[in-house]
Protein chains: 2
Amino acid sequence: MTKLNKDPSLTHEQKLDRLGEVAVRVGLGLQPGQELVMTASIDALPLVRRITEHAYKAGASLVTTLFSDEEATLMRYRHAPDGSFDIASGWLFDGMASAFRNGAARLAIAGENPSLLAGQDPDKVSRANRARSAAYTPAMELIVGFDINWTIASFASPAWARAVFPNETEEVAVAKLWDAIFAASRVDLVDPIAAWGEHNKALHARTKLLNDKRYSALRFVGPGTDLTVGLADDHEWEGGASMAKNGIVCNPNIPSEEVFTTPHKSRVSGHVTSTKPLSYQGTLIEDISVRFEDGRIVEANARKGSDVLSKVLDTDEGSRRLGEVALVPDSSPISASGLLFYNTLYDENAACHIALGQAYTKCIRGGDKMTQDELAARGANKSVIHIDWMIGSRHIDIDGIGHDGNVEPIMRQGEWA
Amino acid sequence: MTKLNKDPSLTHEQKLDRLGEVAVRVGLGLQPGQELVMTASIDALPLVRRITEHAYKAGASLVTTLFSDEEATLMRYRHAPDGSFDIASGWLFDGMASAFRNGAARLAIAGENPSLLAGQDPDKVSRANRARSAAYTPAMELIVGFDINWTIASFASPAWARAVFPNETEEVAVAKLWDAIFAASRVDLVDPIAAWGEHNKALHARTKLLNDKRYSALRFVGPGTDLTVGLADDHEWEGGASMAKNGIVCNPNIPSEEVFTTPHKSRVSGHVTSTKPLSYQGTLIEDISVRFEDGRIVEANARKGSDVLSKVLDTDEGSRRLGEVALVPDSSPISASGLLFYNTLYDENAACHIALGQAYTKCIRGGDKMTQDELAARGANKSVIHIDWMIGSRHIDIDGIGHDGNVEPIMRQGEWA
């Protein structure tokens with residue numbers, strides 16, 4: 001049995017503990033003396049405790065978890081006065097930003113009910129999302145700008161598990177979702193830390209290859225899709241472990257299978273159809289199809305959740321433009337599971353995707369040291385939102401277009417060409 | 001059955017819901033459009049949800065609960081590096097202060113394990129307490145200064161219930177503690193809101209009587225105690241419902257049986273012995289005896305927890321002086337339960353007590369509009385701590401000393417004279 005094989009002797013508790021260890025050591029690269037700010041649902045308490053223990057063992061000076069409760073969110077929609085939906089707890093988000101500026105790392109635990117807010121007034125949902133995005137901006141800028149080391153891990157909440165396995169009892173659904181999380185996070189292997197080392201090497205080889213190519217644009221072609229995504233000038237492909245501006249190497253997503261870069265905000269054209277549902281802040285948005293002109297979405301439709309989508313697109317100047325394009329082969333382990341997760345952390349690592357909104361400055365060469373104007377001049381988009389949605393499948397071909405107009409195959413039928 | 005009688009038909013869920021309603025309507029007097037910041041242990045989730053719902057029904061714009069987890073606290077003591085104990089999450093406390101300055105109300109749910117940190121290094125405990133107190137100061141000043149409406153309510157955690165009922169099974173202990181909480185909080189009566197109205201009237205009659213007396217000092221005499229507590233110039237007795245500077249009437253403690261005022265920080269002399277254990281931030285401090293000279297504690301002993309006590313006294317310039325003196329008859333309903341709660345919210349409402357540290361500006365006539373220097377000139381103490389400890393019992397007599405030297409009995413054998 002090599003260290004990259006599955007270890008069938010592991011109990012659930014052991015795998016949960018290893019997920020905590022991987023989140024702290026691989027995900028965050030948490031440093032002795034560093035503070036940690038975690039966000040999690042109340043349901044995630046067992047994983048929060050595993051992470052807290054590993055964080056202190058890694059030398060964390062203080063671990064603070066901000067718990068949320070989906071029941072409280074629903075009570076707000078049921079009973080709060082209308083004005084409630086235009087405000088957010090800015091004092092808390094500002095506090096987080098302040099912690100990050102003072103060196104804290106940031107860990108988010110995902111696992112929310114993908115359709116928590118189904119049935120709520122879309123206008124209230126949109127206004128609450130917009131207020132939250134605006135309030136979160138100072139903290140989010142430090143995260144997407146990689147000023148700090150950060151990661152997202154996930155836990156199997158009952159509501160999420162029921163969405164992924166609708167035909168199972170809750171108990172079986174939760175167990176199956178945990179199995180999928182443990183497998184995707186590589187914590188069911190003999191040596192998860194070594195496995196992540198190997199995986200990061202493979203992702204880095206892929207980003208090097210794409211960076212050497214210096215494509216001018218990518219073209220996605222398939223059913224309902226013919227989209228040309230111009231890449232930002234001096235774009236840089238990223239994937240796997242990455243060094244934050246504070247000098248700490250982190251893996252921002254556990255799991256992660258993608259390589260990604262910054263599109264040019266004004267050079268996207270054509271039409272594209274989503275290949276998986278998008279769960280955004282408790283609303284499922286399905287069968288999105290949009291048309292771009294000069295980088296801007298000029299037509300947008302969705303079979304379900306179109307109200308919320310159209311309001312998301314109106315959030316700000318940058319919310320109709322792209323901030324990320326990412327490539328994931330259809331044979332990625334998460335995609336190979338055949339599951340539809342209704343959770344961005346999982347679905348975005350099972351398919352090529354694009355993101356509306358804010359770009360990662362890290363995906364511009366030298367971007368860490370550039371002003372906002374310099375980043376904008378290279379084509380990096382700016383927005384208070386950053387929402388990934390999936391456009392890849394085994395029916396999609398992708399070409400790379402060189403600055404000389406030369407066209408090369410990058411992916412064929414969802415696999416690296 | 002009158003509205004002030006017990007209603008034996010109420011279920012646990014109904015009483016819990018009424019506790020939520022009393023906390024919001026009586027405790028906070030929460031106003032439409034007001035934000036609420038709540039702190040609670042994860043264990044308190046059922047009560048947090050009842051409060052959240054009543055807050056939104058009362059028109060709260062947003063309810064944010066900051067949950068704590070005692071397991072996480074213990075992990076810190078077990079694994080964190082030594083430097084951890086000199087820091088606190090100032091970014092979070094500053095955020096709370098910012099919310100209060102912007103109009104948020106504040107609700108704390110008490111119910112912690114009274115001896116959570118028994119067995120931990122007292123040096124680490126003291127340092128962590130000191131760091132927390134310092135970080136909390138900006139928020140605490142807005143609370144003790146009554147800039148905002150606030151309240152403390154409580155829930156029956158298993159650890160607390162085991163401490164109060166050590167000879168019962170956990171299930172029985174929790175049920176008995178809930179009964180005690182429901183009774184003390186008046187939510188087992190036919191009309192709790194009306195009952196609180198009557199209770200507030202009785203407390204206000206008592207404060208009026210004491211305010212009319214304008215005593216210069218109180219003298220406590222009993223076993224191990226002969227203490228003269230000079231009262232601050234222009235001191236004001238408070239008790240029950242009180243108007244905060246934001247114009248909102250709140251009951252800062254649910255339950256509350258005390259009337260209280262501000263001692264003169266330099267005019268306390270004699271010796272005093274505690275009559276109940278004090279649980280402070282997870283440490284039990286028992287059989288405290290101290291001697292005051294010119295308002296300052298010059299000798300202090302405790303049979304248990306003396307390390308933590310002596311470090312508390314060294315927190316800052318004001319931590320050896322008094323910030324509050326409170327009178328509670330020995331026949332108060334909480335005292336009559338015969339229980340020892342190991343929880344300040346309960347034990348302080350079962351016995352006369354004094355508090356080390358910060359004074360309430362509200363307990364100085366016109367204090368709300370005074371500068372720090374003006375408050376200090378009247379004898380109001382200043383400190384980052386405010387720790388109540390119990391000195392009353394049925395063996396204690398209390399006299400009021402007039403400015404003319406006239407001595408009047410206030411309490412005899414623990415009861416109003």
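Keep in mind the model is a prediction, meaning the values are calculated, not measured. (Residues numbered from 1 in each chain as written. Chains lettered and ligands numbered in written order. Predicted model: local features only at pLDDT ≥ 70, side-chain atom pairs only at ≥ 80, totals over all residues. Heavy atoms only, no water.)

## Concerning the overall build of chain A
- A count of helices and strands for chain A gives 12 helices and 19 strands.
- The C-alpha extent of chain A, read off along each of the three principal axes, is 60 × 55 × 45 Å.
- For chain A, the proportion of its 417 residues judged to be buried stands at 60%.
- Residue pairs in contact within chain A that sit at least 24 positions apart in sequence constitute 77% of those at least 6 positions apart.
- Of the roughly 15600 Å² that chain A leaves accessible, carbon and sulfur atoms contribute 48%.
- Separation of charge centres in chain A, based on 43 positive and 55 negative side chains, amounts to 2 Å. (Helix = DSSP H or I, 4+ residues; strand = E, 2+ residues; numbered from the N terminus. Buried < 20%, exposed > 50% of the residue type's maximum accessible area, 1.4 Å probe, protein only. Contact = heavy atoms within 4.5 Å. Areas by Shrake-Rupley, 256 points an atom, 1.4 Å probe, with all protein chains shown as cover. Lys, Arg positive; Asp, Glu negative; His and termini not counted. Charge placed at Lys NZ, Arg CZ, Asp CG, Glu CD.)

## With respect to the domain arrangement of chain A
Residue and element names in this part refer to chain A.
- With domains assigned, chain A is organised as domain 1 (12-184) and domain 2 (214-416).
- With centres defined by C-alpha atoms, the gap from domain 1 to domain 2 works out at 22 Å.
- On the side of domain 2, 41 residues touch domain 1, which itself brings 47 residues to the contact.
- Regarding the contact of domain 1 and domain 2, the summed buried area is about 3500 Å², with carbon and sulfur atoms giving 61% of it.
- In this structure, the salt-bridge partner of Asp 147 is Lys 245, at a minimum N-O distance of 3.5 Å.
- Linking domain 1 with domain 2 are 18 residue pairs in polar contact (both at pLDDT 80 or more), by the criterion used here.
- At the level of elements, helix H1 (12-28), helix H5 (122-144), strand E4 (150-154), helix H6 (158-164) and helix H7 (170-184) are the ones that each hand at least two residues to the side of domain 1 that touches domain 2.
- Looking at the side of domain 1 that touches domain 2 residue by residue, the class counts come to 26 nonpolar, 15 polar and six charged. (Domains from an automatic or database assignment. Buried area = accessible area lost by both parts, 1.4 Å probe. Salt bridge = Lys/Arg side-chain N within 4 Å of Asp/Glu carboxyl O. Polar contact = N/O pair within 3.5 Å; in protein donor to acceptor, adjacent residues only side chain to side chain. Nonpolar A, V, L, I, M, F, W, Y, C, P; charged D, E, K, R; others polar.)

## Some thoughts on the confidence of the model for chain A
- When pLDDT is averaged along chain A, the result is 95; 100% of the residues meet or exceed 70.
- Across the interfaces of the predicted complex, the ipTM metric reaches 0.91, alongside a pTM of 0.92. (pLDDT = per-residue confidence, 0-100.)

## Considerations on the environment of Phe 260 of chain B
All names here are of chain B.
- Along the chain, Phe 260 turns up in strand E9 (residues 259-261).
- Sequence-wise, Phe 260 and Cys 363 are 103 residues apart; in three dimensions their C-alpha atoms are separated by 7.8 Å.
- With residues up to four places along the chain from it excluded, the contact list for Phe 260 reads Glu 236, Trp 237, Glu 238, Gly 239, Glu 324, Val 325, Ala 326, Tyr 360 and Cys 363.

## Considering the sheet that holds strand E2 (residues 62-68) of chain B
Residues and elements named next belong to chain B.
- As summarised here, the arrangement of the four strands in space is E2-E1-E3-E4, forming an open sheet in which the pairing is parallel. Every interior strand has two partners, whereas the edge strands, E2 and strand E4 (150-154), have only one. The sheet shows a mean angle of 20 degrees between the axes of neighbouring strands, taken without regard to direction.
- Across four bridges, the pairing between strand E1 (residues 35-41) and strand E3 (residues 105-110) is parallel. (Pairing = 2+ DSSP bridges. Axes fitted to C-alpha atoms, helices over the stretch in contact; angles between N-to-C directions.)

## Overview of the environment of Ile 109 of chain B
All names here are of chain B.
- With respect to the helices and strands, the residue Ile 109 is situated in strand E3.
- For Ile 109, a relative accessible area of 9% gives the class buried.
- With 42 residues separating them in the primary sequence, Ile 109 and Phe 67 have C-alpha atoms 9.9 Å apart.
- For Ile 109, the contacting residues outside a window of four places in its chain are Met 38, Thr 39, Ala 40, Ala 44, Leu 47, Val 48, Ile 51, Ala 153, Ser 154 and Phe 155.

## Considerations on the interface of chain A and chain B
- In this assembly, 36 residues from chain A lie in contact with 36 residues from chain B.
- For the pairing of chain A and chain B, the buried interface totals around 3100 Å² over both sides, and the portion due to carbon and sulfur atoms is 72%.
- The largest per-residue losses of area from chain A upon contact with chain B belong to Tyr 56, Met 75 and Trp 91 of chain A, which jointly make up 24% of the total buried on that side.
- Scanning the region where chain A abuts chain B turns up two salt bridges.
- Notably, a salt bridge pairs Arg 49 of chain B with Asp 69 of chain A, separated by 2.7 Å at the nearest N-O pair.
- Inspection of the chain A/chain B interface yields eight residue pairs in polar contact (both at pLDDT 80 or more).
- When contributions to the side of chain A that touches chain B are tallied by element, the ones reaching two or more residues are strand E1 (35-41), helix H2 (45-57), strand E2 (62-68), helix H3 (70-79) and helix H4 (90-101) of chain A.
- A total of seven residues in the side of chain A that touches chain B trace back to one element, the largest contributor, which is H2 of chain A.
- Residue classes in the side of chain A that touches chain B are distributed as 18 nonpolar, 10 polar and eight charged.

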